[in-house]
Amino acid sequence: MQPMQAQMGYDRAITVFSPDGRLYQVEYAREAVKRGTTAVGIKCKDGVVLIVDKRVSSRLLEQTSIEKIFKIDGHIAVASSGLVGDARALVDRARVECQINRVSYNEAIDIETLSKKLCDHMQTYTQFGGARPYGTALLIAGVSDGVPRLFETDPSGTLLEYKATGIGTGRPAVMKVFDEKYSDEMGCADAINLGLAALYAATEGKFDVDNVEIGIIPLETGMFRKMSKAEVSEYTTTFEPEKGAEE
């Protein structure tokens, strides 16, 4: 009982490190992310793609009410996993930062700059008492100066840039697929197919193609758009699960 009681003391405050250098509340926030639905982001030679699994827990739920990909600015989008309310709070803050940059400098904000601002904000919630860390992770995707960028955040405020990555409950399976199959030379169509294969692997064969949402930012326009249901179905109806999982 003694070790457990000792841990509980460090467990209750965000401002206190445990003797082995851990902040338990941050680790708990990461666990909230791991329980969220899977989202993937992939950079390709002609843009960047975000794909999410919008898991429907009840047949009574309106599928359109589930939002996992958010437009931040014309050239930036975000996919989230974890606590949806926390994600929406960060999305609102990101949109405000974009507007502040336009008013102050008369130009669109750089994706890396926005990502760092969000992570700085998230990191402050690991320093002070009376608040908790955000229980969400974000994939921040966009095009700046003709270059596709993809960043991943976590509740500690850590910021990393990836060529392809995933967040949520299926992250290990997603990263395994990306490690084996990702190529810098793939186009957006190939990236979408790879993302679908990764989501299928992450859901262990329970993948429901009807619950997929895809966002894309092509280099040609540099502007984000969500694919329509008809466009998504063109990919999902031709997707071959067995082939995608075995290759």
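Residues numbered from 1 in each chain as written. Predicted model: local features only at pLDDT ≥ 70, side-chain atom pairs only at ≥ 80, totals over all residues. Heavy atoms only, no water.

- An unreviewed UniProt entry lists the protein under the name Proteasome subunit alpha, from Methanogenium organophilum.
- As its UniProt record puts it under Subcellular location (unreviewed entry), the protein is described as follows: "Cytoplasm".
- UniProt, in the comment section headed Function (unreviewed entry), describes the protein in these words: "Component of the proteasome core, a large protease complex with broad specificity involved in protein degradation." (UniProt positions renumbered as here; feature names shortened; annotations may be inferred.)

**A word on the pattern of salt bridges**
Working definition: two side chains of opposite charge can pair if their charged atoms are close together.
Part 1 of the argument: Applying the stated criterion to the full structure yields 17 salt bridges.
Part 2 of the argument: With a shortest N-O distance of 3.6 Å, K43 and E161 are connected by a salt bridge. Within this pair, whereas K43 is found in strand β1 (residues 39-44), its partner E161 is found in strand β7 (residues 159-161), the two being separated by 118 residues in sequence.
Part 3 of the argument: D86 is paired through a salt bridge with R132; the nearest N and O atoms lie 2.7 Å apart. Taken together, the positions of D86 in helix α3 (residues 84-105) and R132 in the loop between α4 (111-124) and β5 (136-144) put the pair 46 residues apart, joining distant regions of the chain.
Part 4 of the argument: Overall, R132 belongs to the partly exposed group, its relative accessible area being 46%. (Salt bridge = Lys/Arg side-chain N within 4 Å of Asp/Glu carboxyl O. Helix = DSSP H or I, 4+ residues; strand = E, 2+ residues; numbered from the N terminus. Buried < 20%, exposed > 50% of the residue type's maximum accessible area, 1.4 Å probe, protein only.)

**Notes on the layout of surface pockets**
Rolled over the atoms, a probe as big as a water molecule pinpoints where empty space is left.
Part 1 of the argument: Size it by volume and the largest pocket reaches roughly 370 Å³.
Part 2 of the argument: Where the lining of the largest pocket is concerned, the elements lending two or more residues are β9 (212-218) and α7 (229-236).
Part 3 of the argument: With four residues, α7 is the single largest residue contributor to the lining of the largest pocket.
Part 4 of the argument: For the lining of the largest pocket, the per-class residue count stands at six nonpolar, five polar and six charged. (1 Å grid on protein atoms, 1.4 Å probe; cavity = no way out; pocket = protein on both sides within 12 Å on 5 of 7 lines; lining within 4 Å. Points joined across faces, edges and corners; volume = space filled by probe spheres on them. Nonpolar A, V, L, I, M, F, W, Y, C, P; charged D, E, K, R; others polar.)

**Regarding the nonpolar core**
Part 1 of the argument: The biggest cluster of nonpolar side chains holds 29 residues, and the ones touching the most others in it are I42, V49, I51, F178, I192 and I214.
Part 2 of the argument: Sorting the residues of this core by element identifies β1, β2 (47-53), α5 (171-181), α6 (188-202), β9 and α7 as the ones contributing at least two each.
Part 3 of the argument: Sorting elements by how many residues they give to this core places α6 first, with ten residues.
Part 4 of the argument: For I42, the residues in contact, after removing those within four places along its chain, are G47, V48, V49, L150, K163, A164, F178, Y182, M186, A191, L194 and G195.
Part 5 of the argument: Among the nonpolar cores identified, the runner-up in size contains 17 residues, and A94, C98, I111 and L118 belong to it. (Core = buried A, V, L, I, M, F, W, Y, C linked by side-chain atoms within 4.5 Å. Contact = heavy atoms within 4.5 Å.)

**Considering the pairing of β9**
Consecutive residues of a regular strand have side chains that alternate between opposite faces of the sheet.
Part 1 of the argument: When you tally the buried positions in β9, you get seven out of seven residues, the bulk of the element.
Part 2 of the argument: Burial of the side chains of β9 extends over both faces: V212, I214, I216 and P218 are buried on one face and E213, G215 and I217 on the other.
Part 3 of the argument: Two strands pair when backbone bridges link them, and β2 and β9 are joined in this way by seven bridges, in the antiparallel orientation. Residue pairing in the sheet places V52 in a bridge with E213 of β9.
Part 4 of the argument: When β9 meets strand β10 (residues 225-226), the two strands line up antiparallel, connected through two bridges. Residue pairing in the sheet places I216 in a bridge with R225 of β10. (Pairing = 2+ DSSP bridges.)

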